[in-house]
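Structural description and commentary
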Amino acid sequence: MKRLSQLLLLGALILLPVKGVQAEPPKDPIYVKTSNGWNAAYAHGNEYAEFRVIGNGAKLQDPYHILLQKNVGMMVSFVDKKELQNDRDVLSAHAQWETNYWHQHASRVESNNRADLTGTRKDVKVTEIRVYNDKGAQLSSYLIGLAAKDGVFALSVSSPAKKGIDPLVKELVSSFKLVPRNLDAEETKRLSSQAKAQH
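Structure report, in brief. Predicted model only: the values in this text are computed from it and were never measured.

The rules behind the values
- Residues numbered from 1 in each chain as written.
- Predicted model: local features only at pLDDT ≥ 70, side-chain atom pairs only at ≥ 80, totals over all residues.
- Heavy atoms only, no water.
- 1 Å grid on protein atoms, 1.4 Å probe; cavity = no way out; pocket = protein on both sides within 12 Å on 5 of 7 lines; lining within 4 Å.
- Points joined across faces, edges and corners; volume = space filled by probe spheres on them.
- Helix = DSSP H or I, 4+ residues; strand = E, 2+ residues; numbered from the N terminus.
- Nonpolar A, V, L, I, M, F, W, Y, C, P; charged D, E, K, R; others polar.
- Salt bridge = Lys/Arg side-chain N within 4 Å of Asp/Glu carboxyl O.
- Buried < 20%, exposed > 50% of the residue type's maximum accessible area, 1.4 Å probe, protein only.
- Phe/Tyr/Trp six-rings, centres within 6.5 Å; stacked < 30°, edge-to-face > 60°.

Right, let's get into empty space enclosed by the protein. Over the atoms rolls a probe the size of a water molecule, and in doing so it shows where empty space is left. Applying the stated rule across the entire model yields one cavity of 30 Å³ or more. Taken as a whole, the largest cavity holds about 30 Å³ of empty space. As for the largest cavity, its lining consists of Leu91, His94, Ala95, Lys125, Thr127, Leu143, Ile144 and Gly145. Elements that contribute at least two residues to the lining of the largest cavity include exactly α3 (90-105), β8 (124-132) and β9 (138-147). Its residues placed into classes, the lining of the largest cavity shows four nonpolar, three polar and one charged.

Shown next, in the form of structure tokens:
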């Protein structure tokens, strides 16, 4: 249990809350239970990202942290493009920003673009980041970035190094989409009805 809590703590540090000036702070992500997991929506401005967490074993820790399965945690975040300092390619800038953070806090960092997990989509980028501490312990994190108008919605999936979670990441990528509408009461109601229909 101690190891799991340490893993989740390290996973939670993967995307630190951004202290940037934002025109409108993002609302907390919302989750609607389905027969096989959760449908989620995370708003920023007049658009939102939607994704699905498949599997009844998934447990919400809080709106930003989910235990997907044993020893596999996920963090949900939004990074404002002002933090990234690159308007042309926010997804690459976001992956680099994240890797730079880890270079300052870990003994060794390796990163790898995982285009094999995104298929032909250009609005999503998956970067596998392997982080090592001074004792050689390794954490693998899959950073899934979704380009938005004002920045990047991100899902960060963390697990011990040897756990093969490519299929799980691929599943998340396939459901991770930008919706160009306000996540207002009416839209939330529509998402709830949609989830009920999946029961």
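This part is about the pattern of salt bridges. Scanning the model with the defined rule gives 11 salt bridges in all. We note a salt bridge from Arg114 to Asp116, for which the minimum N-O separation is 2.8 Å. Looking at Arg114, the relative accessible area reads 9%, which means it is buried. Relative accessible area serves as the criterion here: at 46%, Asp116 is assigned to the partly exposed category. A salt bridge links Asp166 to Arg114; the shortest N-O distance between them is 2.5 Å. Of this pair, Asp166 sits in helix α4 (residues 166-175) while Arg114 is found in the loop between β7 (108-113) and β8, placing the two residues 52 residues apart along the sequence. For Asp166, a relative accessible area of 26% corresponds to the partly exposed category. Salt bridges sharing common partners tie together Arg108, Glu110, Arg114, Asp116, Glu128, Arg130 and Asp166.

Next up on the list: the packing of aromatic side chains. Counting across every chain of the model gives seven aromatic pairs. Judged by centre distance (5.6 Å) and plane angle (70°), the rings of Tyr42 and Phe153 are edge-to-face. Highlighted residues: Tyr42 in strand β2 (residues 37-44) and Phe153 in strand β10 (residues 151-160), separated in sequence by 111 residues. Note on accessibility: Tyr42 and Phe153 belong to one class, buried. With a centroid separation of 4.9 Å and an interplanar angle of 65°, the aromatic rings of Phe78 and Phe153 are classed as edge-to-face. Taken together, the residues span a long stretch of sequence, with Phe78 in strand β6 (residues 72-80) and Phe153 in strand β10 at a distance of 75 residues.

Bringing the environment of Ala148 into the picture now. Here Ala148 shows up in the loop between β9 and β10. Residue Ala148 is classed as buried on the basis of its relative accessible area, which comes to 13%.

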